[in-house]
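A look at the structure
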Amino acid sequence: MNVVYNSVNYAIVAYPVQQGFELVDKLGGRSLFVQGSVATGLREAIDRIPYAERDEESIDSLLDDYCVGAARPIVYH
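The text that follows walks through the structure, step by step, so that each part is easy to find. Note that the structure is a prediction, hence the values are computed from the model and not measured.

Helices and strands together make up the secondary structure of the protein chain, namely two helices and five strands. Secondary structure of the protein chain in N-to-C order comes out as β-β-β-β-α-α-β. Relative to the 2.2 N^0.38 estimate, which gives 11 Å for 77 residues, the radius of gyration of the protein chain is 12 Å and therefore close to what a compact globule would have. Overall, the C-alpha framework of the protein chain stretches about 40 × 25 × 25 Å when taken along its three principal axes. Split into buried and exposed, the 77 residues of the protein chain put 38% on the buried side. Long-range contacts, defined as pairs at least 24 residues apart, comprise 35% of the intrachain contacts of the protein chain with a sequence gap of at least 6.

The following block contains the structure:
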């Protein structure tokens, strides 16, 4: 498990063995685990953001699109 992105709003945690990513919406208190083609698509979507424009705002906006409707609330036990 490796944190590969961390902002005020979101974090991306990579799970190399599972070939997946966990998207954590810090403010919304929700998370989404993606793997396979969805994880590959996420990586490609981030790579398509021009390097000069790849900032916290553009990445957080992309992550918001991924999490809308699919992310589940984080439950503390």
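Having seen the model, we can carry on.
Counting 18 residues, the largest nonpolar core has Ile 12, Phe 21, Leu 23, Leu 42 and Leu 63 as the members making the most contacts within it. The contact partners of Leu 42, leaving out residues within four places of it in the chain, are Phe 21, Leu 23, Val 34, Leu 62, Leu 63 and Tyr 66.

Our focus in this paragraph is the packing of aromatic side chains. Using the criterion set out here, one finds one aromatic pair in the structure. Residues Tyr 15 and Phe 33 carry aromatic rings whose centres are separated by 5.7 Å and whose planes lie at 65° to one another, so their mutual orientation is edge-to-face. In this pair, Tyr 15 is assigned in strand β2 (residues 10–15) and Phe 33 in strand β4 (residues 30–35), connecting sequence segments 18 residues apart.

How each quantity is defined
- Residues numbered from 1 in each chain as written.
- Predicted model: local features only at pLDDT ≥ 70, side-chain atom pairs only at ≥ 80, totals over all residues.
- Heavy atoms only, no water.
- Helix = DSSP H or I, 4+ residues; strand = E, 2+ residues; numbered from the N terminus.
- Rg over C-alpha atoms; globule rule 2.2 N^0.38 Å.
- Buried < 20%, exposed > 50% of the residue type's maximum accessible area, 1.4 Å probe, protein only.
- Contact = heavy atoms within 4.5 Å.
- Core = buried A, V, L, I, M, F, W, Y, C linked by side-chain atoms within 4.5 Å.
- Phe/Tyr/Trp six-rings, centres within 6.5 Å; stacked < 30°, edge-to-face > 60°.

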